[in-house]
Amino acid sequence: MTATADLAIRLARAAFNRALAEADLASIGPLLAMDVVMVTGTDSAVIAGRKAQLMAWKREFAAKPRMIYTRTPESIVASPVEPIAMEHGVWQGVVDGVIQASGSYSAKWRGVGGQWVIEAELYLTLA
């Protein structure tokens, strides 16, 4: 993978983390493919499509107290034959500065028109 793709995905992940912390739905949308799929960590709920995921985040943002999720990439591997990459890392959910849940995740990214978007994410709750 080129350093440019690695950096672009890490910057996109940082933007996603910032948007989650700031409850900024408008910034999350462009980071998701139209047909993005997320499998949640604890109950393995499947959230399919950008609109469904944005609605799920909207509900999360309204929760009191609100959990703030952060994903930290540990590795990013790109395909040498397609504009796709796999991110592996750890995640945590924090409420009022206290970690409430954490685990590992994988995310599949696709380069589209010079931008990397998330096609799929799979979460595992470990604590």
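Just so it is clear, the structure is predicted and the values come from calculations on it, not from any experiment.

About the criteria used
- Residues numbered from 1 in each chain as written.
- Predicted model: local features only at pLDDT ≥ 70, side-chain atom pairs only at ≥ 80, totals over all residues.
- Heavy atoms only, no water.
- Core = buried A, V, L, I, M, F, W, Y, C linked by side-chain atoms within 4.5 Å.
- Buried < 20%, exposed > 50% of the residue type's maximum accessible area, 1.4 Å probe, protein only.
- Helix = DSSP H or I, 4+ residues; strand = E, 2+ residues; numbered from the N terminus.
- Contact = heavy atoms within 4.5 Å.
- UniProt positions renumbered as here; feature names shortened; annotations may be inferred.
- Phe/Tyr/Trp six-rings, centres within 6.5 Å; stacked < 30°, edge-to-face > 60°.
- Lys NZ or Arg CZ within 6 Å of the ring centre and 35° of its normal.

Visitor: Would you explain the nonpolar core in this entry?
Guide: When a protein is soluble and globular, its nonpolar side chains tend to lie buried together. In this structure, Phe16, Leu20, Ile28, Leu32, Trp57 and Trp109 are the most contacted members of the largest nonpolar core, which totals 28 residues. Those elements that provide at least two residues to this core are helix 1 (3–21), strand 1 (32–39), helix 3 (50–62), strand 3 (68–78), strand 4 (84–95), strand 5 (98–112) and strand 6 (115–125). It is helix 1 that contributes the most residues to this core, six residues altogether. Setting aside its immediate chain neighbours within four residues, Ile28 contacts Phe16, Ala19, Leu20, Leu54, Trp57 and Phe61.

Visitor: Looking at this model, I keep getting lost on the UniProt feature "domain: DUF4440" (unreviewed entry) in the protein. Mind explaining?
Guide: UniProt feature "domain: DUF4440" (unreviewed entry): in the numbering of this structure it lies at residues 9–118. What you have in residues 9–118 is 27% helix and 48% strand, and the ends, taken at the C-alpha atoms, are 9 Å apart.

Visitor: In this structure, what is going on with the packing of aromatic side chains? I would like to understand it.
Guide: What characterises a pair of aromatic rings is the spacing of the ring centres plus the angle enclosed by the ring planes. Scanning the model with the defined rule gives six aromatic pairs in all. Residues Phe16 and Trp57 carry aromatic rings whose centres are separated by 6.4 Å and whose planes lie at 70° to one another, so their mutual orientation is edge-to-face. Within this pair, whereas Phe16 is found in helix 1, its partner Trp57 is found in helix 3, the two being separated by 41 residues in sequence. Here Phe16 matches Trp57 in class, with each residue buried. For the pair Trp57 and Tyr69, a centre-to-centre distance of 5.8 Å together with 70° between the ring planes defines the contact as edge-to-face. Taken together, the residues span a long stretch of sequence, with Trp57 in helix 3 and Tyr69 in strand 3 at a distance of twelve residues. According to the relative accessible area criterion, Trp57 is buried, its value standing at 6%. Feature note: the residues Phe16, Trp57, Phe61, Tyr69, Trp91, Tyr105 and Tyr123 constitute an aromatic cluster, connected by ring pairs. The cationic tip of Arg13 hangs over the ring face of Phe16; the distance from NZ or CZ to the ring centre is 5.6 Å.

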